Amino acid sequence: MFSGILQAGTKVLGGARFSLVNLMPTAFFIASVVILIASGAYTRPKPSLTPLFDKLSKSPGLAVAAAFGIFLIAVLLRPFQVALVQFLEGYWQRWPPLGLADDLATERHRRLLNTADVMRSAQKPDRPAGSEFRDVAHYARRLRKIRKVQRRATTIVDRYPRPIEGSGDFVDDRLMPTLLGNVLRDGEDNAGRRYGLDMTIVYPRMYPSLSSKLDSAISAQLDILDTGSALCVVFALIAILALPLIARMDRWSLVPLTAVLMSALAYRGAIATARRHGRLLATAFDLHRFDMLDALHYELPLTPQDELDLNTSLSRFLESHGAVMRM
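Calculation criteria
- Residues numbered from 1 in each chain as written.
- Predicted model: local features only at pLDDT ≥ 70, side-chain atom pairs only at ≥ 80, totals over all residues.
- Heavy atoms only, no water.
- Helix = DSSP H or I, 4+ residues; strand = E, 2+ residues; numbered from the N terminus.
- Buried < 20%, exposed > 50% of the residue type's maximum accessible area, 1.4 Å probe, protein only.
- Contact = heavy atoms within 4.5 Å.
- Axes fitted to C-alpha atoms, helices over the stretch in contact; angles between N-to-C directions.
- Left-handed = near helix turned anticlockwise from the far one by under 90°.
- Nonpolar A, V, L, I, M, F, W, Y, C, P; charged D, E, K, R; others polar.
- Salt bridge = Lys/Arg side-chain N within 4 Å of Asp/Glu carboxyl O.
- Core = buried A, V, L, I, M, F, W, Y, C linked by side-chain atoms within 4.5 Å.
- Phe/Tyr/Trp six-rings, centres within 6.5 Å; stacked < 30°, edge-to-face > 60°.
- Lys NZ or Arg CZ within 6 Å of the ring centre and 35° of its normal.
- Polar contact = N/O pair within 3.5 Å; in protein donor to acceptor, adjacent residues only side chain to side chain.
- Patch = residues over 30% accessible without salt bridge, like charges linked within 9 Å, V, L, I, M, F, W, Y side chains within 5 Å.
- Areas by Shrake-Rupley, 256 points an atom, 1.4 Å probe, with all protein chains shown as cover.
- Lys, Arg positive; Asp, Glu negative; His and termini not counted.
- Charge placed at Lys NZ, Arg CZ, Asp CG, Glu CD.
- pLDDT = per-residue confidence, 0-100.
- Expected span 1.5 Å × (residues − 1).
- Arc of directions from axis to C-beta.

### Description of the overall build of the chain
Stage number 1. Helices and strands together make up the secondary structure of the chain, namely 12 helices and 0 strands.
Stage number 2. Relative to its 327 residues, the chain shows a buried fraction of 37%.
Stage number 3. Within the chain, residue pairs in contact and separated by at least 24 positions form 71% of the contacts whose partners lie at least 6 positions apart.

### Remarks on the packing of helix H6 (residues 99-119) against helix H7 (residues 133-157)
Stage number 1. In contact at an axis separation of 8 Å, H6 and H7 are set at 145° when each is read in the N-to-C sense. Our pair here, H6 against H7, has a crossing hand that is left-handed. For the pair H6 and H7, the contacting residues are Leu-112, Leu-113, Ala-116, Asp-117 and Met-119 in the first and Val-149, Gln-150, Ala-153, Ile-156 and Val-157 in the second.
Stage number 2. Of the residues in the contact of H6 with H7, the class split is 8 nonpolar, 1 polar and 1 charged.

### Concerning the environment of Ala-239
Stage number 1. Structurally, the position occupied by Ala-239 is in helix H10 (residues 212-241).
Stage number 2. The sequence separation of Ala-239 and Ser-263 amounts to 24 residues, and the corresponding C-alpha distance is 8.8 Å.
Stage number 3. Every residue in contact with Ala-239, bar those within four places of it in the chain, is listed here: Pro-256, Ala-259 and Val-260.

### A look at the pattern of salt bridges
Stage number 1. On inspection of all chains with the given rule, the structure shows 7 salt bridges.
Stage number 2. The partner of Arg-193 in a salt bridge is Asp-189, with the nearest N and O atoms 3.6 Å apart. Taken together, the positions of Arg-193 and Asp-189, both in helix H8 (residues 179-193) and 4 residues apart, correspond to about one turn of that helix.
Stage number 3. Residue Arg-193 is classed as partly exposed on the basis of its relative accessible area, which comes to 30%.
Stage number 4. Exposure remark for Asp-189: the relative accessible area of 10% places this residue in the buried category.
Stage number 5. Connected via shared salt-bridge partners are Glu-107, Arg-110 and Arg-111.

### A short note on the nonpolar core
Stage number 1. Of all hydrophobic cores here, the largest spans 26 residues; its most connected members are Leu-88, Leu-179, Leu-180, Leu-225, Tyr-267, Ile-271 and Ala-274.
Stage number 2. For this core, the element with the highest residue contribution is H10, accounting for 8 residues.
Stage number 3. Among the nonpolar cores identified, the runner-up in size contains 20 residues, and Ala-191, Ile-201, Leu-280 and Leu-281 belong to it.

### Observations concerning the packing of aromatic side chains
Remark: the centre distance and the inter-plane angle together describe each pair of aromatic rings, the angle taken between the planes.
Stage number 1. Taken as a whole, this structure holds 4 aromatic pairs when the rule is applied.
Stage number 2. Here Phe-87 and Trp-92 contribute two aromatic rings whose centre-to-centre distance is 5.4 Å and whose plane-to-plane angle is 20°, an arrangement assigned as stacked.
Stage number 3. Pairwise contacts between aromatic rings join Tyr-203, Tyr-207 and Phe-285 into one cluster.
Stage number 4. Sitting above the plane of the Tyr-195 ring, Arg-289 keeps its charged end 3.8 Å from the centroid.

### Quick notes on the environment of Asn-190
Stage number 1. Assignment of secondary structure puts Asn-190 in helix H8.
Stage number 2. In the structure, Asn-190 is positioned 88 residues away from Gly-278 in sequence and 8.1 Å away in space, judged by C-alpha atoms.
Stage number 3. In terms of polar contacts, Asn-190 uses its side chain to reach the side chain of Asp-186, at 2.6 Å.

### Topic: unusual backbone geometry
Stage number 1. With phi around 55°, Met-249 is a residue other than glycine that occupies positive phi space.
Stage number 2. Secondary-structure assignment places Met-249 in the loop between H10 and helix H11 (254-295).
Stage number 3. A positive phi is found at His-297, a non-glycine position, where the angle reads about 65°.
Stage number 4. Within the fold, His-297 resides in the loop between H11 and helix H12 (304-320).

### Remarks on a positive patch on the surface
Stage number 1. Together, Lys-124, Arg-127, Arg-147, Lys-148, Arg-151 and Arg-152 line one region of the surface with positive charge.
Stage number 2. Positionally, Arg-147 belongs in helix H7.

### Observations regarding the side chain of Arg-289
Stage number 1. Along the chain, Arg-289 falls in helix H11.
Stage number 2. The class for Arg-289 is buried, based on a relative accessible area of 11%.
Stage number 3. Among the polar contacts made by the side chain of Arg-289, one reaches the main-chain carbonyl oxygen of Phe-285 at a distance of 3.4 Å.
Stage number 4. Among the polar contacts made by the side chain of Arg-289, one reaches the main-chain carbonyl oxygen of Asp-286 at a distance of 2.9 Å.
Stage number 5. Other than its neighbours up to four places away in sequence, Arg-289 contacts Tyr-195, Leu-197, Met-206, Ala-284 and Glu-307.

### A word on the confidence of the model for the chain
Stage number 1. Chain-level statistics for the chain give a pLDDT mean of 81 and a share of 87% at 70 or above.
Stage number 2. Considering each helix and strand of the chain separately, the mean pLDDT is smallest for helix H1 (residues 2-13), with a value of 41, and largest for H11, with 93.
Stage number 3. In this model, residues 1-17 is a region of pLDDT below 50 whose contacts with residues beyond four sequence positions or in other chains number 9 contacts.

### What about H6?
Stage number 1. Compared with an ideal rise of 1.5 Å per residue, which puts 21 residues at 30 Å, H6 spans 30 Å between its outermost C-alpha atoms and is within 8% of the ideal.
Stage number 2. Within H6, burial applies to Gly-99, Asp-102, Ala-105, Thr-106, His-109, Arg-110, Leu-113 and Ala-116. For H6, the angular spread of the buried residues around the axis is 145°, confining them to a single face. Across from the buried face of H6, at angles greater than 90 degrees, the exposed residues are Leu-100, Leu-104, Arg-108, Arg-111 and Val-118.
Stage number 3. On its buried side, H6 packs onto H7 and H8.

What follows is the structure in structure tokens.
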């Protein structure tokens, strides 16, 4: 009975991907604000959590009511959490006041990308004319330094959307104002492009053909990505709210600094998850693109070129009929 109620509530609150984990960032934020205020961190010379814990331990009903209240507020704030995650991913055009910031941030990433693209093409140093040890050692040091710069530049380039086949220019119109958004876009673009398929157009048709294991893995990665992104925003907000505590010059002054550190770690974790998510999307196209064609009653291609032509035509056909998936 309880499981049936929980499943019904899950469908109402957020569909198949909703779980209590999705509410954790918002609930953590609310609890943190309550603790900071109740402890007297802003007003008392010596803040303490002991009175709060004593009061909750002596009144179990109050503790249950507080937990339920935090859960209820977290559910009510869930739509705002989703909006904050989308903000972290770089969908700033949806908020007109951020139009200028969107342009500036995107231009910054464009310059980083172009600079890294030039650096990874750095020329190797000329070989030494003689065989003196000093000359050979100097050449080896310069070569090692150049290769290190090239590896770092390649790592930076790999974070961004790839260039269109046959063009030396990067896909500037696909750049996002945040690194997380660019990593996600890169995974989306490259998942089906190798086969002439546009993921944002054809994925809704291919999704029903995914195996249960792959579908579960993709859903799990999306949950981790959503939670990690939300935690990044939550810790950043806690750092802002706790900023006045720095003036205390005691252990409570570490709260905003710790929150900033945790926000940065959560963001790095979200980026790593986005990369894994991109690999899973590529795996989905590797394994199930023919299942999609079969479900659409297309004759399976016999050669790679036939497949590329068919997939390109299919993407254009679906795009012309408004089948683009909003990412």
